[in-house]
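This is what each chain is made of:
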Amino acid sequence: MNSADLNPAGINLVACVKWAELRPEIDPLHGSVEASQRSSGFSSSDFAAVESALRLAQAWSDQGQVCVVTVLCAGPEDAEDSLRDFFAVGATRVVRVDLAEQRSSAQVAELLASALVPSQLNAQFVICGDVSSDRGSGSVPAYLAHHLGMQQALGLIGLESTDPGSLHATRRLDGGRRERLLLTAAAVISVEGSVATLRRSSLAATLAAKQKTVELRKQQIDWPTEVNRLRPWRPRARVLAPPAGDDALSRILELTGAQSGSTAARTLRLDPEQAAEAVLEQLAAWGYLDDSPPA
Amino acid sequence: MSTDSYPEISFETRMSSVEFRVHERAHITVDSKICADCSTRGCITACPANLFVSTADGGILFNYELCFECGTCYMVCNEEGAISWSYPEGGHGVVFHSS
Amino acid sequence: MTDFDVIVVGAGPAGAAAALEAARAGRSVCLLERGPYPGSKNMYGGVVYGRVLDSLIPNWWEEAPIQRWVTRRSTMLMTGDQAVTVDYRCSSWGEAPYNGATAFRPEFDAWLASKAEAAGAVLICSTTATGLLRDGTRVVGVRTDRPDGDLTAQVVICCDGVNSFLAKEAGLYPPSDPANYTLGVKETILLPREVIDERFAVRGDHGVDIEILGCTGEVPGGGFLYTNAESLAVGLVLSLPKLAACGRRPEEILAELKAHSAIAPLIEGGQVKEYSAHVIPEAGYKMMPELIGDGILVAGDAAAMCLAAGIWLEGVNFAIGSGAAAGQAAARAVQRRDTSSAGLQDYRRRLDSNFVMSDHRKLREAPHLVMSDLAQQQLPRIACGVMEQLFTVTNPDPKPGLRKIIRGQMKLNNLKLRDAISQGMKALRTFG
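Asker: Let's hear about the domain arrangement of chain A: which residues, and what values?
Answerer: Taken domain by domain, chain A holds domain 1 (3-217) and domain 2 (233-295). Inter-centroid distance (C-alpha atoms) of domain 1 of chain A to domain 2 of chain A is 50 Å.

Given below as structure tokens:
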């Protein structure tokens, strides 16, 4: 499909969703997380993103704009059945970028962005869920905005359409305050799950969606081989004998050292080598250097 | 509630092992006024999810969220019309994984 | 013109088998499931007997998602601190074509429904059928809880489980009596595979099924314990009205079973992975509804096709058998353009000619017998008492002799010889 098909005069809204383990089963015997198709799905904030896109499209269509809602997912083949359900609620297109394994947020964003560039989906608004439910950091939308050179408004708790192509967004600030933003194209926004509940699809649309095809994109990105991060060696925590004392208070006092005199801070001005020596010496004095650093 | 020789898990732990996709609409409602006249109260004993609780004013407090949708309560109910029972909205309610 | 030839409500074993057979016969089929996936609302007390699948899915055992093949079947009679076990092992049950298997219903039911889908049935999940569409007395479709959710068909097959509101709405059920139902509760308990292999003395994909009598106190019922690949399932079946009246909660009675000296060492150290509960149509043949109406058939648990007959505890196979028969009969009726009650009578004929009805008819007294005081209270006590006296060495007193022991135990448990004989004859007639 080329960009001429992509509603150049109208507004393209893209909702990004993540196929995630909703109720991870952690095997208590092996400690491994077991993923299964049955316990995977989309989070409520992703559903809110899709519903927000549909509502905006509806509002702007009523004002005479041609709006196209696309649902975009970077995920495995397992997600296809659930992705097809987005046709039933009113998505015009559903696109899956093939991604079989877990990737970092930056890499997922890179993959999504490759499908979102003007020659592909030509999105004016990209709407994401705020954080994915599988320990997400909420950084994918920010990376996306960076890749696409768009404005960003993340973690929204309210979304209202105004004139076609612009919308009011509400964001939570500290101390119970709210920030109101007026957004125009092109922007990446992310919404909390409370913003909207995905509508229930009609039976006829659900049946029709069974016949629809999820577009598949295979993007080849040569990611560098991942190397486990090397960190300076940190000494292990020391094992201390349990505090003695008859009552809880005296044990806490002993444990915290609250009533014993604290060591006064010292300021040393040394060369780097000498400083390192002094640090090691002090650590040894405190008993931290009993075990040698790992090879 | 259990014998001393075998450590038993708490009811909360037991129920937390089950997935419930709770819908905002209650699929079962209990008319506490009718329950006030009930002397048997089999639901309190029999409901496997322990969702029925006696209230101080003689009624029954019922929560629908952690319901197995088994049907025990309306079957053992003695009072006509006390429990209105239906299934939760499609896709919601209890979801078993390894049963 | 209807939306589909056949609508099947409920994608459990009965519904999946019905949809599979109707779709194979070339009919358009919609299979409705209220859970997010087939099997998500389902639990059972243990074993799938697959012989009924042979004709539906050749070599089903090569692909069915099972946990372990049952090669060891035990029946345990229990009192508070005693247990007598009859233990049968059969290694040929662990080879094709196999006998029974333990499985997770969410996996097994989803697999069976996928077979129906592959045959052309349209599976719609997360959709609850809330009522029937009717034209006079004739059922012409179902109403679902989706917007614009009416769906029409020439035949509706109700496989909507033990509560079957659709069969009740169609007037096929007499007013329900709670005495016909039991509550099943179950814990799935995680244990390493090696520990299970060791404790139950099985290897590889072989497993154990233990049925227990006398573990439910004053509430008539029974217990079960069986092995999955890396977990055990331990549970109870409890008579509903007696449970409601007894003042003890199901998980308390289950905790007692788990603490019993014959069970505790088997499950020790395990972690509860999932708790589940479900109602069982216990009374079988005697509680069956009308199976056929104008444009409607009832199969599986919805038709009370669950065999709770003491030594035989089966349900999934009856669900599949009745569902397949319903699917075939519905397809034939649609083809002949007569889906009235008369046109659907083929369903009854098919059930009568195979195991589904003959087993239920033959064993129609069995549920009552199993739930009787004799089987629930006296039998476990007498069996355990006899064993204890038989094997307790009382030197220097001489051994009392078997006849004296049995007579003594019967007297102790208020069982008259006359009653024992008449009940024994009844049992022979029922099971014979």
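After that view of the structure, there is still more to cover.
Asker: Quick one: what's the story with the pairing of strand E4 (residues 68-78) of chain C, residue by residue and with numbers?
Answerer: Residues and elements named next belong to chain C. Counted residue by residue, E4 has ten buried out of eleven residues, so it is predominantly covered. Direction of pairing for E4 relative to strand E6 (residues 100-102): antiparallel, over a ladder of three bridges. Residue pairing for E6: Arg68 is matched across the bridge by Thr102. Across eight bridges, the pairing between E4 and strand E12 (residues 206-213) is parallel. By the bridge assignment, Thr75 is partnered in E12 with Glu211. Strand direction decides the pairing type here: E4 and strand E5 (residues 83-89), joined by seven bridges, are antiparallel. What sits directly across from Leu77, in E5, is Val84. Taking the residues that link successive antiparallel strands as the turn, the E4-E5 hairpin has four residues.

Asker: So what's going on with the interface of chain B and chain A? Residues and values would help.
Answerer: Between chain B and chain A, the contact holds eight residues from the first and five residues from the second. Linking Arg200 of chain A and Glu89 of chain B is a salt bridge whose minimum nitrogen-to-oxygen distance equals 3.2 Å. Scanning the region where chain B abuts chain A turns up two residue pairs in polar contact (both at pLDDT 80 or more). Taken together, the residues that form the side of chain B that touches chain A break down as one nonpolar, four polar and three charged.

Asker: Outline helix H13 (residues 402-412) of chain C, supporting the account with residue identities and numerical values.
Answerer: All names here are of chain C. Those residues of H13 lying buried are Ile405, Gln409 and Met410. Seen from one end, H13 has its buried residues packed into an arc of 130°, which puts them on one side. Residues of H13 that are exposed and point more than 90 degrees away from the buried face comprise Arg403, Lys404, Arg407 and Lys411. The secondary structure elements touched by the buried residues of H13 are helix H12 (373-391) and helix H14 (417-431).

Asker: Provide a residue-level description of the packing of aromatic side chains, including the pertinent values.
Answerer: This structure, assessed with the given rule, holds 24 aromatic pairs over all chains. Their ring planes at 40° and their centres at 5.4 Å tell us that Trp60 of chain A and Phe125 of chain A sit as a pair that is tilted. One end of the pair, Trp60 of chain A, is in helix H1 (residues 44-62); the other, Phe125 of chain A, is in strand E8 (residues 125-129), and 65 residues separate them in sequence. Comparing Trp60 of chain A with Phe125 of chain A, the two get one shared label, buried. Here Tyr74 of chain B and Phe165 of chain C contribute two aromatic rings whose centre-to-centre distance is 6.0 Å and whose plane-to-plane angle is 40°, an arrangement assigned as tilted. Of this pair, Tyr74 of chain B sits in helix H4 (residues 72-76) while Phe165 of chain C sits in helix H3 (residues 165-169), placing the two residues on different chains. The exposure class assigned to Tyr74 of chain B is buried, which follows from its relative accessible area of 18%.

Asker: Now, about the domain arrangement of chain C: what can you tell me, with residues and values included?
Answerer: Accessible area lost upon the coming together of the parts serves often as the stated size of an interface. All names here are of chain C. Taken domain by domain, chain C holds domain 1 (4-66 + 103-173 + 289-362), domain 2 (179-281) and domain 3 (372-431). A separation of 28 Å is found between the C-alpha centroids of domain 1 and domain 2. Taken together, the contact pairs 16 residues of domain 1 with 17 residues of domain 2. Considering only the surface of domain 1 that becomes buried against domain 2, Met43, Phe104 and Val162 emerge as the three largest contributors, covering 43% of it. Counting every contact that joins domain 1 to domain 2 gives zero salt bridges. Linking domain 1 with domain 2 are two residue pairs in polar contact (both at pLDDT 80 or more).

Asker: Give a detailed account of the confidence of the model for chain C, specifying residues and quantitative values.
Answerer: Chain-level statistics for chain C give a pLDDT mean of 95 and a share of 100% at 70 or above. Both confidence scores are given for the complex: pTM 0.88, ipTM 0.93.

Asker: Describe in detail the pattern of salt bridges, supporting the description with residues and values.
Answerer: Enumeration according to the criterion identifies 40 salt bridges over all chains in this entry. Between Arg143 of chain C and Asp150 of chain C there is a salt bridge, and its shortest N-O distance comes to 2.9 Å. Residue Arg143 of chain C is classed as partly exposed on the basis of its relative accessible area, which comes to 41%. Accessibility expressed as a relative area gives 36% for Asp150 of chain C, which makes it partly exposed. A salt bridge links Arg332 of chain C to Asp346 of chain C; the nearest nitrogen and oxygen atoms lie 3.3 Å apart. Placement of Arg332 of chain C in helix H8 (residues 316-335) and of Asp346 of chain C in helix H9 (residues 346-353) is noted, with a sequence separation of 14 residues between them. Its relative accessible area of 31% is what places Arg332 of chain C among the partly exposed residues. Taking relative accessible area as the criterion, Asp346 of chain C reaches 8% and is therefore assigned buried. A network of salt bridges, in which partner residues are shared, links Glu80, Asp81, Arg84, Arg96, Asp98 and Lys218 of chain A.

Asker: Talk me through the interface of chain B and chain C; I want residue IDs and the actual numbers.
Answerer: Each partner contributes residues to the interface: chain B has 43 residues there, and chain C has 52 residues. Across the chain B/chain C interface, buried area totals approximately 3900 Å², and carbon plus sulfur atoms make up 56% of it. On inspection of chain B and its partner chain C, the count reaches three salt bridges. A salt bridge links Arg34 of chain C to Glu69 of chain B; its shortest N-O distance comes to 2.6 Å. At the junction of chain B and chain C, the tally comes to 25 residue pairs in polar contact (both at pLDDT 80 or more). Class assignment for the residues of the side of chain B that touches chain C results in 22 nonpolar, 16 polar and five charged.

Asker: Give me the lowdown on the side chain of Asn12 of chain A, citing residues and values where you can.
Answerer: Within the secondary structure layout, Asn12 of chain A lies in strand E1 (residues 11-17). A distance of 3.0 Å separates a polar atom in the side chain of Asn12 of chain A from the backbone oxygen of Asn122 of chain A.

Asker: Mind laying out the sheet that holds strand E9 (residues 151-161) of chain A, listing which residues take part and the relevant values?
Answerer: Residues and elements named next belong to chain A. In space, the nine strands of this open sheet follow the order E11-E10-E9-E12-E8-E1-E6-E7-E13, with mixed pairing throughout. In the strand order of this sheet, the two ends are held by strand E11 (178-184) and strand E13 (215-217), each with one partner. The sheet shows a mean angle of 35° between the axes of neighbouring strands, taken without regard to direction. Pairing analysis gives seven bridges linking E1 to strand E6 (residues 67-75), with the strands arranged parallel. Within E6, the residue paired with Leu13 across the bridge is Val69. The strands touched by H1 are E1, E6, E8, E9, strand E10 (166-172) and strand E12 (187-191); relative to E1, the strand with the most contacts, the crossing angle is about 170°. Strands E1, E6 and strand E7 (93-98) of the sheet are contacted by helix H2 (residues 80-89), whose axis makes an angle of about 155° with E7.

Asker: Residue-level account of the nonpolar core, with values.
Answerer: Formed by 163 residues in total, the largest nonpolar core has its most connected members in Phe52 and Phe68 of chain B together with Phe108, Ile157, Met305 and Tyr347 of chain C. Ranked by residues supplied to this core, first place goes to H8 of chain C with eleven residues. The residue makeup of this core includes at least three contributed by each of domain 1 (4-66 + 103-173 + 289-362) and domain 2 (179-281) of chain C. With residues near it in sequence (within four places) discarded, Met305 of chain C still touches Met288, Leu291, Gly300, Gly315, Phe318, Ala319, Ser322, Tyr347, Leu351, Val356, Met357 and His360 of chain C. Listed in part, the 43 residues of the second largest apolar core include Cys67, Phe125, Leu167 and Ala196 of chain A.

About the cut-offs
- Residues numbered from 1 in each chain as written.
- Chains lettered and ligands numbered in written order.
- Predicted model: local features only at pLDDT ≥ 70, side-chain atom pairs only at ≥ 80, totals over all residues.
- Heavy atoms only, no water.
- Domains from an automatic or database assignment.
- Buried < 20%, exposed > 50% of the residue type's maximum accessible area, 1.4 Å probe, protein only.
- Helix = DSSP H or I, 4+ residues; strand = E, 2+ residues; numbered from the N terminus.
- Pairing = 2+ DSSP bridges.
- Contact = heavy atoms within 4.5 Å.
- Salt bridge = Lys/Arg side-chain N within 4 Å of Asp/Glu carboxyl O.
- Polar contact = N/O pair within 3.5 Å; in protein donor to acceptor, adjacent residues only side chain to side chain.
- Nonpolar A, V, L, I, M, F, W, Y, C, P; charged D, E, K, R; others polar.
- Arc of directions from axis to C-beta.
- Phe/Tyr/Trp six-rings, centres within 6.5 Å; stacked < 30°, edge-to-face > 60°.
- Buried area = accessible area lost by both parts, 1.4 Å probe.
- pLDDT = per-residue confidence, 0-100.
- Axes fitted to C-alpha atoms, helices over the stretch in contact; angles between N-to-C directions.
- Core = buried A, V, L, I, M, F, W, Y, C linked by side-chain atoms within 4.5 Å.

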